[in-house]
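Below are the chains, spelled out letter by letter.
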Amino acid sequence: MLRSRPTKQHAAPSNNGSLSSHSTRRSNGGNNYDDPRGRRKSAIPTTSLIGTLIVASILFLVLLFSGSLSTSDINSSSSSTSVEVVDNNNNNAPKVDGIHIIHDNNNQQFRNSAAMQSNNNDNKSHSFKTTITSDTTGATLHIIFSTDCGTYQHWQSYLFFHRAYSIQQPGYITRIASGCTEKQLQDEKAWHEEHIAKVMSDRYRIHFTPHFSGVKDETTGEVKDDYKYFNKPFGLKHFLEHDELLGLVVESSGNNQMKQPNDIIILCDPDFALLRPITDDFSNPRETLVGPRRKTHFDEMSLHIVTHGHPYAQTYGLGTQWRKFNLDEIAGATSPAKEVDQKNGGLFYPAGPPYIGTASDMYKIALAWAEFAPRVHKEYPHLLAEMYAYCIAAAHLQLPHTLIDSLMISSAGIGGEGWKFISDIPESETCSFASNPDHSIRPIPSLVHYCQRYVVDTRYFWGKRKVPHGIFTCDHPLLEEPPMDLGQGVSHTEKDRMNAFMVCALTKFTNDAMLFFKDHHCEGGGNRERRELVPHVNLVRKKGG
C-alpha cells in the first residue's frame, strides 16, 4: 500500500507489548490490567496486600476529612462490578432475557465503573474515558464494520474510528478486514496499532479474515468473479466465531457455545460517520423516528430495547423484492421465509445497516446469511444481493426487525431516514450545526451514511470516491471548508439545504480527522494548506452513487 510514513517519533512502547487482533491490553501502571471483557484487574502480589490496605486506609481518611472525597463519590464507587447486570441491588428492576433494564433520567449513575475504559498511554493527547456497556441494560456493545484491505477503505476506517472517538461511542469498535495478503496484514496491523489503538483507544481493534468475495463456478469450483459484499456476511460469521471476546467455546461434543451471547452487535458499513452514540435503546421519543406504517406497532411494544429475538435496524427502501426470489432454492422448501406475507414482509424485513441484535441472534443470522448470500447472488448478480439475502435470513429465522428511520441519513430528502431532524434545524444554523453537531441541543440522526455525492452551488462538494486515499498522511493538504451560509437563501431548495448539511459535516469531520493525525504523527504539524476536493468541472457531471 502506498502510504507515506509519519516522521514524528513516538515514545518507546511500554511493557504492554503490541496489540494484535486478539490481545489483552495491560495499562502502563504495571500492577493493573484489563481482562478480555474490559474489566480492570489487579496483579498486586498477595504478599503486599497488608501494606497496600494500610496505605489505602490512610489516604481514604485524609481525603474524607479534607473534603476531597464526598459521600456521593463513595456511593458511586460501590456500584456493581457485573457487566450483564448493572445494579445487583435493584432486584425490582424489570428483566428481559435475564438482563436488568434500568430506567432513569440520569443514566450516568448506572454506568458500570468497572467497565470504564481509560487510555493511559504516554502519547495520548488527552484523557479518553467512556464505558463499554449500554447505559440501559449493561450489555457490552460491539460496533463492527467490514472492509477489504485496499487503500480506499483504509481511509474510511480511520475516519470511522475518529468519529467514534470524537463522540465517545461506548463499546468496542472493530474493523473486520478481509482478504489481506500477508504483507497487507502486517502493514495494517502495525498501522492500526500505531495510529489508532495507541492514540485513540485500545478498545479500537482490527480482526483479519480470509478472502471471501470470490464467486465460484459451481461445477469446477474455480473463482470466476468477485462480489466484494460477500465479505459482510462471511466476515461477521468469522468474527463471531473467532474473536477473542465473543468467539465460540469449542467443545469436544461439537456443541460449541458463544462466550458472550448477551452482548450487543451493531453491524455498520465503513462509509458511516457517527453523529452521536448508537446503543441498544430506542425508548426516547425525542431521538427516535419511526415511519407512519410502523408507528402503531412500535407504540404497542412494551419495550423499545434490543433483546433476544428482537433485533433492530435502519429502514431501507428494499420493499419485499426478496419474496420474489426462488426461496425454495435459496432457503429450502420448508423455510418459514415462505410464510411471510406482503404486509409483514414490508413491515419487518426491509432492513439495512446498522443492524443491531444480541450476539446469539446475530450469529444465527450470520450462519443463514452466509449460506444464502451466494444463492441470492446467483439469481440476482447485482448490487444489494447480500442485503436481500439478509432479509431472507431474518425471515427464515423468524426474527422480525424493528425498523427505525432515524438511525441514519444518506441521500438528501429520501423517505425512511432521519431527515426531519435536519429540516428542523434553523436555516441560518445548518452548516454551523452540521460542523459541530450536538445532540443535547437538537436531536440528530445517529450517523451519516456517505454513499452519495453531495453538491451545493456546483462548487461545494463531498464524495467518497473523489477523496484521495492518502489523506491521512503528513504531506496531504486539508480540505477547503464551505462558508457557514451554504445552502441558505431563496435561491436554494430544501434539498439544497440537506446537501449543505452533508457537505459541511463531512468536510469538517474529514478535516478534524486529518488534523488529529497530523497533531499526533507529523513533525511540525504536517501540511495544513487547504485545497478543494475536486476540480469544479467534475461536480455537476454526475449525481448519486
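Please read these numbers as outputs of a predicted model, since none were measured by experiment. In every chain, residue numbers begin from 1 and rise along the written sequence. Given that the model is predicted, a residue must reach a pLDDT of at least 70 before its local features are reported, and side-chain atom pairs must reach 80 or more before they are shown or counted; all residues, however, enter totals for whole chains, interfaces and linings. Here the side-chain values reflect all heavy atoms present in the structure, with hydrogen atoms and water set aside.

## Points about the packing of helix α9 (residues 359-379) against helix α10 (residues 385-396)
No. 1: α10 packs onto α9 with a crossing angle of 130° between their chain directions and a minimal axis gap of 8 Å. The orientation of α9 with respect to α10, classified from their angle, is oblique. As α9 runs across α10, the sense of the crossing is right-handed. Between α9, through Met362, Ile365, Ala368, Trp369, Phe372, Ala373, Val376 and His377, and α10, the contact on the second element is made entirely by Ala385, Glu386, Tyr388, Ala389, Tyr390, Ile392, Ala393 and His396.
No. 2: Three categories are distinguished: nonpolar for Ala, Val, Leu, Ile, Met, Phe, Trp, Tyr, Cys and Pro, charged for Asp, Glu, Lys and Arg, and polar for the others, with Gly belonging to the last. When the residues that make up the contact of α9 with α10 are grouped by side-chain class, the tally is 13 nonpolar, 2 polar and 1 charged. The angle between two axes is taken between their N-to-C directions and runs from 0 to 180 degrees, where each axis is a line fitted to C-alpha atoms and a helix contributes only its stretch in contact. Counting from the N terminus, the helices are DSSP H or I runs at least four residues long and the strands are E runs at least two residues long. Just so you know how the angles are binned, under 35 degrees is roughly parallel, over 145 roughly antiparallel, 65 to 115 roughly perpendicular, and the rest oblique. Should the near helix be turned counterclockwise from the far one by less than a right angle, the crossing is left-handed, whereas a clockwise turn marks it as right-handed. Contact between two residues is taken to exist if any of their heavy atoms lie within 4.5 Å; hydrogens are not considered.

## Let's talk about the sheet that holds strand β17 (residues 351-358)
No. 1: Note on pairing: DSSP must find at least two bridges between two strands before they are called paired. Taken together, the 7 strands give an open sheet; going across it, the order is β9-β8-β7-β14-β17-β16-β18, and neighbouring strands pair in mixed fashion. Where the open sheet ends on each side, the last strands, each with one partner, are β9 (204-209) and β18 (402-404). When the angles between neighbouring strand axes are averaged without regard to direction, this sheet yields 25°.
No. 2: Pairing of strand β16 (residues 312-315) with β17 involves 4 bridges; the strand directions are antiparallel. Residue pairing in the sheet places Tyr312 in a bridge with Ile356 of β17.
No. 3: Sheet contacts for helix α4 (residues 182-197): β8 (172-178) and β9; angle to β9, the most-contacted strand, approximately 170°.

## Details of the state of the cysteines
No. 1: Disulfide assignment relies on a single distance test, namely cysteine sulfur atoms paired within 2.5 Å. Tallied over the entire structure, the rule returns 3 disulfides.
No. 2: Shown here is the disulfide that connects Cys149 with Cys180, its sulfur atoms set 1.6 Å apart. One end of the pair, Cys149, is in the loop between β7 (141-147) and α3 (151-167); the other, Cys180, is in the loop between β8 and α4, and 31 residues separate them in sequence. For the residue pair Cys149 and Cys180, the accessibility class agrees, reading buried in each case.
No. 3: Between Cys474 and Cys522 runs a disulfide, and the two sulfur atoms are separated by 2.1 Å. Where Cys474 bonds to Cys522 through sulfur, the torsion about that S-S bond is close to -95°, and the disulfide is left-handed. Placement of Cys474 in the loop between β22 (460-462) and β23 (478-479) and of Cys522 in the loop between α13 (494-521) and β24 (530-531) is noted, with a sequence separation of 48 residues between them. For the pair Cys474 and Cys522, a shared accessibility class is recorded, and that class is buried.
No. 4: When the cysteines engaged in disulfides are numbered in sequence order, the protein pairs them as 1-2, 3-5, 4-6. Burial status follows relative accessibility: with a 1.4 Å probe on protein chains alone, a residue under 20% of its type maximum counts as buried, one over 50% as exposed, and anything between as partly exposed.

## Considering the pattern of salt bridges
No. 1: The salt bridge definition used is simple: a Lys or Arg side-chain nitrogen within 4 Å of an Asp or Glu carboxyl oxygen. By the definition in use, this model includes 19 salt bridges.
No. 2: Between Arg459 and Glu532 there is a salt bridge, and its shortest N-O distance comes to 3.4 Å. Placement of Arg459 in the loop between β21 (454-456) and β22 and of Glu532 in the segment after β24 is noted, with a sequence separation of 73 residues between them.
No. 3: The exposure class assigned to Arg459 is partly exposed, which follows from its relative accessible area of 36%.
No. 4: Judged by its relative accessible area of 31%, Glu532 falls in the partly exposed class.
No. 5: Through salt bridges with shared partners, one network takes in Lys232, Asp269 and Glu386.

## Overview of the packing of aromatic side chains
No. 1: What counts as a ring pair is set by centres within 6.5 Å for rings of Phe, Tyr and Trp (its six-membered ring), and what kind of pair is set by the plane angle: stacked under 30 degrees, edge-to-face over 60, tilted for all other angles. The final tally for this structure, using the stated rule, is 24 aromatic pairs.
No. 2: Relative to Tyr390, the ring of Tyr355 lies with its centre 3.8 Å away and its plane at 20°, an arrangement referred to as stacked. On the criterion of sequence distance, the pair formed by Tyr355 in strand β17 and Tyr390 in helix α10 is long-range, its members being 35 residues apart. Note on accessibility: Tyr355 and Tyr390 belong to one class, buried.

## Structural notes on the environment of Phe161
No. 1: Looking at the element boundaries, Phe161 is found in helix α3.
No. 2: In this structure Phe161 touches Phe145, Ile173, Arg175, His192, Ile196, Met200, Tyr204 and Arg205, once residues within four positions along its chain are discounted.

## Some words on the sheet that holds strand β15 (residues 272-274)
No. 1: Across the sheet, which stays open at both edges, the 3 strands sit in the order β15-β20-β19 with mixed pairing between neighbours. With one partner strand each, in any of the chains shown, β15 and β19 (408-409) form the two edges of the open sheet.
No. 2: Bridging between β15 and strand β20 (residues 447-449) involves 3 bridges; their strand directions are antiparallel. Bridge pairing links Ala273 to Val448 in β20.
No. 3: Packed on one face of the sheet, α13 meets β15, β19 and β20 and runs near 100° to β20.

## Examining α3
No. 1: Here the expected length of a helix is defined as 1.5 Å per residue gap, with one fewer gap than residues. The end-to-end C-alpha distance of α3, which contains 17 residues, comes to 25 Å, matching closely the 24 Å that a straight helix rising 1.5 Å per residue would cover.
No. 2: α3 sits mainly inside the fold: 15 of its 17 residues count as buried.
No. 3: One or two residues past the end of α3 sits Gln168, with phi positive at roughly 55°.

## Things to note about the pairing of β16
The two faces of a sheet get side chains in turn, since along a regular strand they alternate between them.
No. 1: When β16 meets β18, the two strands line up parallel, connected through 3 bridges. Paired with Ala313 across the two strands is Leu403, which belongs to β18.

## Comments concerning the packing of α3 against α4
No. 1: Where α3 meets α4, the closest approach of the two axes is 12 Å, and the angle between their N-to-C directions is 30°. Here α3 lies roughly parallel to α4, going by the angle between them. Taken as a pair, α3 and α4 cross one another with a handedness that is right-handed. Where α3 abuts α4, its residues His154, Tyr158 and Phe161 lie against Glu188, Trp191, His192, His195 and Ile196.
No. 2: For the contact of α3 with α4, the residue count by class is 4 nonpolar, 3 polar and 1 charged.

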